[in-house]
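Residues per chain are reported as follows:
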Amino acid sequence: MKRLSVAFLSLCLAAPAVLAQKKYDAGTSDTEIRIGNTNPYSGPASAYGAIGKSIAAYFRMVNEQGGINGRKLNFITYDDGYSPPRTVEMVRKLVEQDQVLFVFQTLGTPSNTAIHKYMNAKKVPQLFVATGATKWNDPKHFPWTMGWQPNYQTEGHVYARHILQTKPDAKIAILYQNDDYGKDYVKGLKDGLGAKAKSLIVAEASYEVSEPTVDSQIVQLQSSGANVFFNVTTPKFAAQAIRKAYDIGWKPVQYLNNVSTSVGSVLTPAGLEKSVGLITTAYYKDPTDKRWDNDPAVTKWREFMKKYHPDGNVNDGFNMYGYSVAATLVQVLKQCGNNLTHENVMRQAASLKDFRVDTLLPGIVINTSKDDYAPIEAVQLQRFNGKQWELFGDVISTEK
Amino acid sequence: MDAFLFQVLAGLATGGIYASLALALVMIYQATHHVNFAQGEMAMFTTYIAWSLMDAGLPYWPTFLLTLMVAFLLGVAIERLVIRPVEHAPVLAVVVVFIALLVILNSVTGWIYTYTLKPFPSPFPEEPLWGIRYMSPHEIGAIGITLLVLVALYLFFRFTPLGLAMRAAAQNPQSARLVGIRVGWMLALGWGLAAGIGAVAGMMVAPIVYLDPNMMGGVLLYAFAAALVGGIDNPWGAVLGGFLVGVLENLLGAFVIGNELKLSVALVIIVGVLLVRPSGLFGTVHVTRV
């Protein structure tokens, strides 16, 4: 009896100490971390759905290997069809009904814009969003939102630097989609060119996504006499622009934004021989690139695909993307330890130091701080040789 | 000056796209007095059928003919199964049915074929013709095909008994029925023909804008503008309207108002025509005695 009461007493004393160590917000317990997500599994952008599926597969692997600090990841992902109103509906459901600890990799610039204020008002992290817009790096006004991939302005900067180095007498023509995404790229390029922007850029033309073709714009840009063409377009228009420029005999140096580098759905429709010489950027290892055939990270990724995501296409770079971003999140959650609050998730996401994901290109590391919400800020240039992209030059970082 | 000429040529090329779809719109309007909002998606869907046939190894021209037949049957089937039940419903109900068709065809296609962009072959040579770099041989060929369809339609409606019966059924169903024309089947036939013309339009447009489930979205709007400018009941007018809209849009976009307002040109044309001259440039003015 006496022994029992001692045991009871010690239990009472010990309990508060344990509670003090472990801190939980909604969606977490000793056995679970609940993570929310929206992805376009249907609709016009459903090619991106591969990302959500590969992330789910990655978490299945983590759970099978014991989870994170003993907790299983519960990934709740909904289809928003790339429609912002549906994103809002789904994200509210995730936060208010499913009680997730945070949302992760919600996809699309318009979709994330629609929930941007809501997440920050609710003080629930909107972590590593799947879009390259620059506005996600604004910790002062939106401390609960963070991007992941190199943003469009960073990429524009890199092109500007390359133009200044290789073609100081460039006459630049720009074609861009008339929205946040297109303007972000143009701003990046102009900032990168600095004071020379005014004299080097000779023509700018925009298009709306509802237009059947961009032929008229290409003809317009060609007649400006430009010898450098900066192509800021989504896949369909990218293919049209590349083909039209070739067909009318315009042969500038062409920079193509990272959004439309798919060989299968952009360069093949445009014509592979018409795409020779295009320059763009990369930051993760392309699974179709022969140079990575014996790379340990890519081999590991192939095994992962085989075991946990057998339906996924091993030639689809989006599966590599999903894998890499999921690995980054796992690092953040490991750093969180037993303190699983909204605040600590954000604090840990903002204190990644030289973190390396092995599926990113060699030399690219992730750094964040409370003033720097841009995880990947380095890319490498690559050129199309008629068959595949070929990396050249060094990794270029724009980290300050 | 060169820039001006090039814009005109590029405008004619896109105008050809608008013209071919406008023709299908006019066809269905002539046969049924409805404006079919699903016309673009029907054309897109049949183009996917053509793509499947070619993917299975069939050469271009047999595929072309086979697709026309499939499209014709599809058009007839849609009229029989979907449109006929709402024959006597108010106009608004019919519009709702058309829009439902549009959404259904779009998502079913996406579901079957995915939303990834696909290249679509052209029957015309790749090398520029007569040194004209600003219109690809395909674009020139597509305009030729549209004109051919136009002539064939004219001959059909003007000189064949069936064409006459169809015109009669559309213009005066009661009297047509009294002289023994099966009005219901004439309407179905009209749908079949329009779907066939749409299939031609789809196969001509796809090599230019690439094949994806949303390829006709933007085109349809311009085709409406084209059909209205020319007169919604006049095939010649619709084709001319297509070229007019294509060239006008390019010239205004490049030299006057800027690219941001190009789409507005189409909308202003639609509203303008309806306000000022609802029958279009070449349409017949209807006078009804009350």
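Note that the structure is predicted; figures quoted are calculated from it, not measured. (Residues numbered from 1 in each chain as written. Chains lettered and ligands numbered in written order. Predicted model: local features only at pLDDT ≥ 70, side-chain atom pairs only at ≥ 80, totals over all residues. Heavy atoms only, no water.)

**Thoughts on the overall build of chain B**
Here comes step 1: For chain B, the count of helices and strands is 11 helices and 0 strands.
Here comes step 2: In terms of overall size, chain B behaves like a compact globule, its C-alpha atoms giving a radius of gyration of 19 Å where 290 residues would be expected to give roughly 19 Å.
Here comes step 3: Along the first, second and third principal axes, the C-alpha set of chain B runs to 60 × 50 × 35 Å.
Here comes step 4: Among the 290 residues that make up chain B, the fraction classed as buried is 54%.
Here comes step 5: Nonlocal contacts in chain B, meaning residues at least 24 apart in sequence, comprise 75% of its contacts between residues at least 6 apart.
Here comes step 6: Carbon and sulfur atoms form 73% of the exposed surface of chain B, whose accessible area is close to 13100 Å².
Here comes step 7: Distance between charge centroids for chain B: 18 Å, based on 11 positive and 12 negative side chains. (Helix = DSSP H or I, 4+ residues; strand = E, 2+ residues; numbered from the N terminus. Rg over C-alpha atoms; globule rule 2.2 N^0.38 Å. Buried < 20%, exposed > 50% of the residue type's maximum accessible area, 1.4 Å probe, protein only. Contact = heavy atoms within 4.5 Å. Areas by Shrake-Rupley, 256 points an atom, 1.4 Å probe, with all protein chains shown as cover. Lys, Arg positive; Asp, Glu negative; His and termini not counted. Charge placed at Lys NZ, Arg CZ, Asp CG, Glu CD.)

**Brief notes about the overall build of chain A**
Here comes step 1: Looking only at helices and strands, chain A has 13 helices and 13 strands in total.
Here comes step 2: Counting only C-alpha atoms and orienting by the principal axes, one finds that chain A spans roughly 95 × 45 × 35 Å.
Here comes step 3: The buried share among the 400 residues of chain A stands at 57%.
Here comes step 4: Summed over its atoms, the accessible surface of chain A is roughly 16400 Å², and 53% of this surface lies on carbon and sulfur atoms.

**What about the packing of helix α6 (residues 161-171) of chain B against helix α8 (residues 183-209) of chain B?**
All names here are of chain B.
Here comes step 1: At a closest axis distance of 9 Å, the pairing of α6 and α8 adopts a crossing angle of 105°. In this view, α6 runs roughly perpendicular relative to α8, as classed from their interaxial angle. Taken together, the residues of α8 that come into contact with α6 (itself represented by Leu162, Ala165, Met166 and Ala169) are Val183, Met186, Leu189, Gly190 and Leu193.
Here comes step 2: Broken down by class, the residue content of the contact of α6 with α8 amounts to 8 nonpolar, 1 polar and no charged. (Axes fitted to C-alpha atoms, helices over the stretch in contact; angles between N-to-C directions. Parallel < 35°, antiparallel > 145°, perpendicular 65-115°, else oblique. Nonpolar A, V, L, I, M, F, W, Y, C, P; charged D, E, K, R; others polar.)

**A short note on the packing of aromatic side chains**
Residue and element names in this part refer to chain A.
Here comes step 1: With the rule as written, the count across this model stands at 32 aromatic pairs over all chains.
Here comes step 2: Summarising the aromatic geometry, the rings of Phe384 and Trp389 are spaced 5.3 Å apart at their centres and angled 65° between planes, so their arrangement reads as edge-to-face.
Here comes step 3: Three or more aromatic residues joined by ring pairs make a cluster, and in this case those are Tyr152, Tyr159, Tyr181, Tyr185, Phe230 and Tyr255.
Here comes step 4: For Arg291, the ring lying beneath its charged end belongs to Trp292, and the centroid distance is 5.8 Å. (Phe/Tyr/Trp six-rings, centres within 6.5 Å; stacked < 30°, edge-to-face > 60°. Lys NZ or Arg CZ within 6 Å of the ring centre and 35° of its normal.)

**With respect to the interface of chain B and chain A**
Here comes step 1: Tallying the contact residues gives 31 residues for chain B and 33 residues for chain A.
Here comes step 2: Summed over both sides, the interface between chain B and chain A buries roughly 2600 Å², with carbon and sulfur atoms accounting for 52% of that surface.
Here comes step 3: At the surface where chain B touches chain A, the tally comes to 0 salt bridges.
Here comes step 4: Linking chain B to chain A there are 6 residue pairs in polar contact (both at pLDDT 80 or more).
Here comes step 5: Broken down by secondary-structure element, the contributors of at least two residues to the side of chain B that touches chain A are α1 (2-32), α8, α9 (216-230), α10 (235-256) and α11 (262-276) of chain B.
Here comes step 6: Taken together, the residues of the side of chain B that touches chain A break down into 17 nonpolar, 8 polar and 6 charged. (Buried area = accessible area lost by both parts, 1.4 Å probe. Salt bridge = Lys/Arg side-chain N within 4 Å of Asp/Glu carboxyl O. Polar contact = N/O pair within 3.5 Å; in protein donor to acceptor, adjacent residues only side chain to side chain.)

**Details of the domain arrangement of chain A**
All names here are of chain A.
Here comes step 1: Domains assigned within chain A are domain 1 (23-150 + 293-378) and domain 2 (152-282).
Here comes step 2: Taken together, the contact between domain 1 and domain 2 spans 9 residues of the former and 6 residues of the latter.
Here comes step 3: When domain 1 packs against domain 2, the two sides together hide about 660 Å² of surface, and 48% of this comes from carbon and sulfur.
Here comes step 4: Area buried by domain 1 at its contact with domain 2 is led by Gly132, Thr134 and Pro150, which between them contribute 47% of it.
Here comes step 5: On inspection of domain 1 and its partner domain 2, the count reaches 1 salt bridge. (Domains from an automatic or database assignment.)

**As for the sheet that holds strand β4 (residues 102-104) of chain A**
Residues and elements named next belong to chain A.
Here comes step 1: If you trace the 4 strands from one edge of the open sheet to the other, you get β3-β2-β4-β5, paired in parallel fashion. The open sheet has two edge strands, β3 (72-79) and β5 (126-127), and neither has a second partner.
Here comes step 2: The sheet contact formed by strand β2 (residues 32-39) and β4 spans 2 bridges and is parallel. What sits directly across from Ile35, in β4, is Phe102. (Pairing = 2+ DSSP bridges.)

**A look at the nonpolar core**
Here comes step 1: In terms of nonpolar packing, the biggest core is built from 89 residues, with Leu21, Met27, Phe120, Met216 and Val245 of chain B touching the most fellow members.
Here comes step 2: Among the elements that line this core, the one with the most residues is α8 of chain B, at 16 residues.
Here comes step 3: If you look at the next biggest cluster of nonpolar residues, it comprises 84 residues, including Phe75, Ala197, Ala282 and Ala349 of chain A. (Core = buried A, V, L, I, M, F, W, Y, C linked by side-chain atoms within 4.5 Å.)

**Focus: the environment of Pro128 of chain B**
Here comes step 1: Relative to the helices and strands, Pro128 of chain B is located in the loop between α4 (91-113) and α5 (137-159).
Here comes step 2: Separated by 50 residues in sequence, Pro128 of chain B and Ile78 of chain B place their C-alpha atoms 40 Å apart.

**A look at the packing of helix α8 (residues 215-222) of chain A against α1 of chain B**
Here comes step 1: Viewed as axis vectors pointing N to C, α8 of chain A and α1 of chain B meet at an angle of 165°, and their least axial separation amounts to 9 Å. Judged by the angle between their axes, α8 of chain A and α1 of chain B are roughly antiparallel. Between α8 of chain A and α1 of chain B lies a crossing of right-handed hand. Only Phe6, Gln7 and Ala10 of chain B of α1 of chain B make contact with α8 of chain A, whose side of the interface consists of Ser216, Val219 and Gln220 of chain A. (Left-handed = near helix turned anticlockwise from the far one by under 90°.)

**Focus: the pairing of strand β13 (residues 389-397) of chain A**
Every other side chain in a regular strand lies on the same face of the sheet, so the side chains alternate between the two faces.
Residues and elements named next belong to chain A.
Here comes step 1: Judged from the 7 bridges that link them, strand β12 (residues 378-384) and β13 form a sheet pairing that is antiparallel. Paired with Ala378 across the two strands is Ser397, which belongs to β13.
Here comes step 2: Between β12 and β13, which pair antiparallel one after the other, the connecting turn spans 4 residues, and Gly386 there sits at a positive phi close to 105°.

**Some details on the pattern of salt bridges**
Close approach of charged atoms lets side chains of opposite charge pair.
All names here are of chain A.
Here comes step 1: Counted according to the given criterion, the structure contains 14 salt bridges over all chains.
Here comes step 2: A salt bridge links Asp247 to Lys274; its shortest N-O distance comes to 3.2 Å. Of this pair, Asp247 sits in helix α9 (residues 235-247) while Lys274 sits in the loop between α10 (263-270) and β10 (279-282), and the two are 27 residues apart along the sequence.
Here comes step 3: A salt bridge links Asp358 to Lys300; the nearest nitrogen and oxygen atoms lie 3.7 Å apart. One end of the pair, Asp358, is in the loop between α13 (342-349) and β12; the other, Lys300, is in helix α11 (residues 296-308), with 58 residues separating them in the sequence.
Here comes step 4: For Lys300, a relative accessible area of 46% translates into the label partly exposed.

**Side note on unusual backbone geometry**
Residue and element names in this part refer to chain A.
Here comes step 1: Residues other than glycine seldom take positive phi values, yet Lys123 does so here, at roughly 55°.
Here comes step 2: We note that Phe128 has phi near 50°; this positive angle belongs to a residue other than glycine.
Here comes step 3: Mapped onto the elements, Phe128 comes out in the loop between β5 and α5 (152-166).

**Describing α8 of chain B**
Residues and elements named next belong to chain B.
Here comes step 1: The end-to-end C-alpha distance of α8 is 38 Å, a good match for the 39 Å that 27 residues give at a rise of 1.5 Å each.
Here comes step 2: Judged by how many residues are buried, α8 sits mostly within the fold: 25 of 27 residues are covered.
Here comes step 3: Looking one or two residues beyond α8, the residue adopting positive phi is Tyr210, at roughly 70°. (Expected span 1.5 Å × (residues − 1).)

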